[in-house]
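As a plain string of letters, each chain reads:
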Amino acid sequence: MRAIGYTRVSTAGQVESGAGLADQEAAIRAECEHRGWELVRIASDPAVSGKSLDHRPELAGACAALDAGGADVLVAAKLDRLARSVLDFASLMARADARHWALVALDVNVDTTTPTGELMATVIAAFAQYERRLIGQRTRAALAQKRAAGVVLGRPRTLAPAVRARICSERAAGRSLRAIADALNAEAVPTAQGGSRWHASTVRHVAAA
């Protein structure tokens, strides 16, 4: 088995002390030696938050190398060095499964090279799915509550300044609200919400704003 180790610390202070990175690397090297795995390299993201893979170039590179068959297993001393949440880890695990490489996080006994470790990973994935469904349920409930309160959802639109100026000018010249609305409809001028139908009340609202 060929392994790529991964280490990460979040702050510059931890990088300067060296303790965090050094401890993680030592644990990874010891585990690989114990199992007889070839440690291909250690990928490290110093002073980088765990926000996402896009913000951790070394981890992204390690995963790409694993995808390409450059190694068989990704080893981290701690699960939170790989992912900041259960959802993030589940996504990483799904990628590993799809590309046929393994994940090992030493502190939580996640090891997809063994039946026991794979079971632990499956449990984590189940919790991730549960968390996704809870988030979705809360989001739908919040949106429904806003709709019931009359809140207009979606990306807000604004009326083109030229259209607003035209309406104000024509109203100042004495043109009726209905006449202005009919002219805008005839020219297919979009409303502030992106619609194609103007009404006298819509024109009144713009003119009064």
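Quick note: structure is the one above.
Residues numbered from 1 in each chain as written. Predicted model: local features only at pLDDT ≥ 70, side-chain atom pairs only at ≥ 80, totals over all residues. Heavy atoms only, no water.

Asks: Quick rundown of the side chain of threonine 7? Include the residues and the values.
Replies: Here threonine 7 is to be found in strand β1 (residues 2–8). Of the polar contacts made by the side chain of threonine 7, one reaches the side chain of serine 44; its length is 2.9 Å. When neighbours within four sequence positions are excluded, threonine 7 is seen to be in contact with Leu21, Gln24, Glu25, Ile28, Ile42, Ala43, Ser44 and Asp45. (Helix = DSSP H or I, 4+ residues; strand = E, 2+ residues; numbered from the N terminus. Polar contact = N/O pair within 3.5 Å; in protein donor to acceptor, adjacent residues only side chain to side chain. Contact = heavy atoms within 4.5 Å.)

Asks: I'd like a rundown of helix α5 (residues 86–99), residues and numbers included.
Replies: Helical geometry note: an α-helix holds 3.6 residues per turn, so side chains three or four residues apart project in the same direction. Between its first and last C-alpha, α5 extends 20 Å over 14 residues, near the 20 Å set by a 1.5 Å rise per residue. For α5, the set of buried residues is Leu87, Phe89, Ala90, Leu92, Met93 and Ala96. Trailing α5 by a residue or two, histidine 100 shows a phi angle of about 65°, which is positive. (Expected span 1.5 Å × (residues − 1). Buried < 20%, exposed > 50% of the residue type's maximum accessible area, 1.4 Å probe, protein only.)

Asks: Go over the packing of helix α3 (residues 57–67) against α5 with me, naming the residues and quoting the values.
Replies: Where α3 contacts α5, the axes come no closer than 10 Å and their chain directions differ by 25°. As judged from the angle between their axes, α3 and α5 are roughly parallel. Here Cys63, Ala64 and Asp67 of α3 come into contact with α5, specifically with Leu92, Arg95 and Arg99. Residue composition of the contact of α3 with α5, by class: three nonpolar, no polar and three charged. (Axes fitted to C-alpha atoms, helices over the stretch in contact; angles between N-to-C directions. Parallel < 35°, antiparallel > 145°, perpendicular 65-115°, else oblique. Nonpolar A, V, L, I, M, F, W, Y, C, P; charged D, E, K, R; others polar.)

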